[in-house]
Amino acid sequence: MHPTAELIGAAAALVALGILTLASVRSISRRKDVSPGTR
């Protein structure tokens with residue numbers, strides 16, 4: 001593989017991880033916001 005292809009792959013992996021992290025954090029924050037309201 002060319003170095004540029006490896007850099008693109010690494011950047012794509014980092015972006016995917018960032019998106020997954022943001023999604024999980026948002027879902028956790030939603031759970032925390034919803035749980036007190038149910039009581």
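The structure under discussion appears in the preceding block.
Residues numbered from 1 in each chain as written. Predicted model: local features only at pLDDT ≥ 70, side-chain atom pairs only at ≥ 80, totals over all residues. Heavy atoms only, no water.

A. Examining the overall build of the protein chain more closely. Helices and strands together make up the secondary structure of the protein chain, namely one helix and zero strands. Out of the 39 residues belonging to the protein chain, those deemed buried represent 0%. Entry remark: accessible area of the protein chain is about 3700 Å², with carbon and sulfur atoms responsible for 69%. (Helix = DSSP H or I, 4+ residues; strand = E, 2+ residues; numbered from the N terminus. Buried < 20%, exposed > 50% of the residue type's maximum accessible area, 1.4 Å probe, protein only. Areas by Shrake-Rupley, 256 points an atom, 1.4 Å probe, with all protein chains shown as cover.)

B. Geometry of a nonpolar patch on the surface. A cluster of nonpolar side chains, contributed by Leu-14, Leu-17 and Leu-20, occupies part of the molecular surface with about 340 Å² of accessible area. Along the chain, Leu-17 falls in helix H1 (residues 3–38). Judged by its relative accessible area of 51%, Leu-17 is exposed. (Patch = residues over 30% accessible without salt bridge, like charges linked within 9 Å, V, L, I, M, F, W, Y side chains within 5 Å. Salt bridge = Lys/Arg side-chain N within 4 Å of Asp/Glu carboxyl O.)

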